[in-house]
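Single-letter residue listing:
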Amino acid sequence: MQDFWLRASIPIIASATLAGLIWGLFSLIAALIAMVAMLLLLLLRQLWLLFKLEHWLNDAQLETIPEAMGVWEEAFTKLYKMVKKHKRTKQELATELKHIEQATAALPEGVAILNAANRIEWCNPLAELHFGLNAQRDILQDITYLVRQPEFISYLHIAEADAPLVMHPSRHEDMVLSIKLISYGDNKRLLISRDITQLERIEHMRRDFVANVSHELRTPLTVVNGFVENLQDMTDLSHDQVRHALGLVAEQTQRMSTLVSDLLTLSRLENEQSPPTQETITMSDLLDEVYQDGELLSHGRHSLHLDNVGIPKLQGNREELRSAFSNLVSNAVRYTPAGGHIDLRWWTRAGQPVFSVQDNGIGIAASHIPRLTERFYRVELSRSRETGGTGLGLAIVSRIAIRHQAKLEILSTEGKGSQFLLVFPLKSGESSAPASAKVTSKA
Ligand code: ADP
């Protein structure tokens, strides 16, 4: 402060000294005129510098700050430092804001800030997507004008709702959103939206699955219960009658046991995150086993063919592939009337190993084909049940195919027959040399 007064007084002292000198050399009048002229000059300089400052403040750039001496020099230096600091802080804040923007854009949830009047102060890209908003256009718009669903509007009016609101946004009918409001600060609220479409689908599937399993188990259990009650009530049954009843009970318990076993297989395959343990499979041995399974199941009612012209070794999990192949053969046997033909084939198509099973059985209408690999999906429930089907076979095959990066292809014509192909990726073959053709047939 002292420094300021010292600097400020220098031109006045200098003018007064000069005026004193003029007084000594000439006269008092001359000295007074010189003093007034110098003070006027000083005043003009101050005005000029003030004008420059005012002009500079219109667009305060570091490069254009005015230069001056004396008290103004100090003032301009301080201003220069202030502007520089302000610019740095602004830059830091801008970088910080950018980081926050990037972080909120990466959030897996939609976030919007609403003020006390439900006007949108800010929103991230996911909130834009969920509610069909436009961050630039809709800022400070009342959200209830933009999202007009009544359940959403009433939810906004509940001050502190504990449970989130689950709704289908009108612009994305197939999307399910879970919405939550969190109050903070000065009458502000965070509107958080989460896309739970997938979760809802899984929950729906889980409910269906539990209902299906219960239904599947209830039928054989009812039958078994009926027989047990009969056996208890009818004490005078003959040995043969008891044997017959017990045979039927055994049939039902076998059905339940097959169902439980298929369920366990499927659950193991679906829960297994790691890929199956790989081994080199000798295909001729595996195909023989699958063929024998088919023969056993057919009991001489069909003519089965095995044509092995594919690569001799395959990389994969033997147990899983045996289960998939056998399921396809079992289906062919069960859905082909007696006297039908079933061809098992191991071959190569455009360099890819293929296992196919073709039958001339009842076939499948085209509309059913896309749904066949769903759990418990059957074209004809009674036929599946009569032949001991659980409705899980193709779901198991499809899961095993996925675990081997293979593709399940289904070709079928109702009334004429079906062909199921498991097409393996190129790399799964150990050797691309085809085995010598081996055809096993039974007429
Ligand atoms: P299921 O235990 O009922 O056979 P799958 O999952 O193996 O269950 O098959 C689903 C449905 O696909 C069957 O119920 C049947 O309607 C149909 N299906 C499967 N394989 C064949 C086939 N080879 N010929 C005709 N229909 C078939």
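To be clear, the structure that these remarks concern was listed above.
Predicted model, so just to flag it, every value in this text is computed and none were measured.

Engineer: Looking at this structure, I do not really get the site of the ligand. What am I missing?
Structural biologist: In the vicinity of the ligand there are 22 residues, among which Arg334, Tyr335, Ser384, Gly391 and Leu394 approach most closely. For the ligand, an oxygen atom lies 2.5 Å from a polar atom in the side chain of Ser384. Between Thr390 and the ligand, the recorded distance is 2.9 Å, taken from a backbone N or O atom to an oxygen atom. In isolation the ligand exposes 520 Å². Once the protein is present, 98% of that is buried. Of the pockets mapped on this structure, the ligand occupies the largest pocket. Broken down by secondary-structure element, the contributors of at least two residues to the shell around the ligand are α10 (318-334), α12 (393-403) and β12 (417-423). Looking at the shell around the ligand, the element that brings in the most residues is α10, giving three residues. Class assignment of the residues belonging to the shell around the ligand gives a composition of ten nonpolar, eight polar and four charged.

Engineer: I would appreciate a short explanation of unusual backbone geometry in the present structure.
Structural biologist: Negative phi is the rule for most residues except glycine; trans is the rule for most peptide bonds. Here the phi dihedral of Asn187 falls at roughly 60°; this positive angle occurs in a residue that is not glycine. Looking at the element boundaries, Asn187 is found in the loop between β4 (177-184) and β5 (188-195). Even without being glycine, Ala350 reaches a positive phi, approximately 45°. With respect to the secondary-structure elements, Ala350 resides in the loop between β9 (341-349) and β10 (352-359). Looking at Ala350, the relative accessible area reads 74%, which means it is exposed.

About the cut-offs
Residues numbered from 1 in each chain as written. Predicted model: local features only at pLDDT ≥ 70, side-chain atom pairs only at ≥ 80, totals over all residues. Heavy atoms only, no water. Near = heavy atom within 4 Å. Polar contact = N/O pair within 3.5 Å; in protein donor to acceptor, adjacent residues only side chain to side chain. Areas by Shrake-Rupley, 256 points an atom, 1.4 Å probe, with all protein chains shown as cover. 1 Å grid on protein atoms, 1.4 Å probe; cavity = no way out; pocket = protein on both sides within 12 Å on 5 of 7 lines; lining within 4 Å. Sits in = over half its atoms within 2 Å of the grid points. Helix = DSSP H or I, 4+ residues; strand = E, 2+ residues; numbered from the N terminus. Nonpolar A, V, L, I, M, F, W, Y, C, P; charged D, E, K, R; others polar. Buried < 20%, exposed > 50% of the residue type's maximum accessible area, 1.4 Å probe, protein only.

Purely geometric stuff here, so don't read any function into it on its own.
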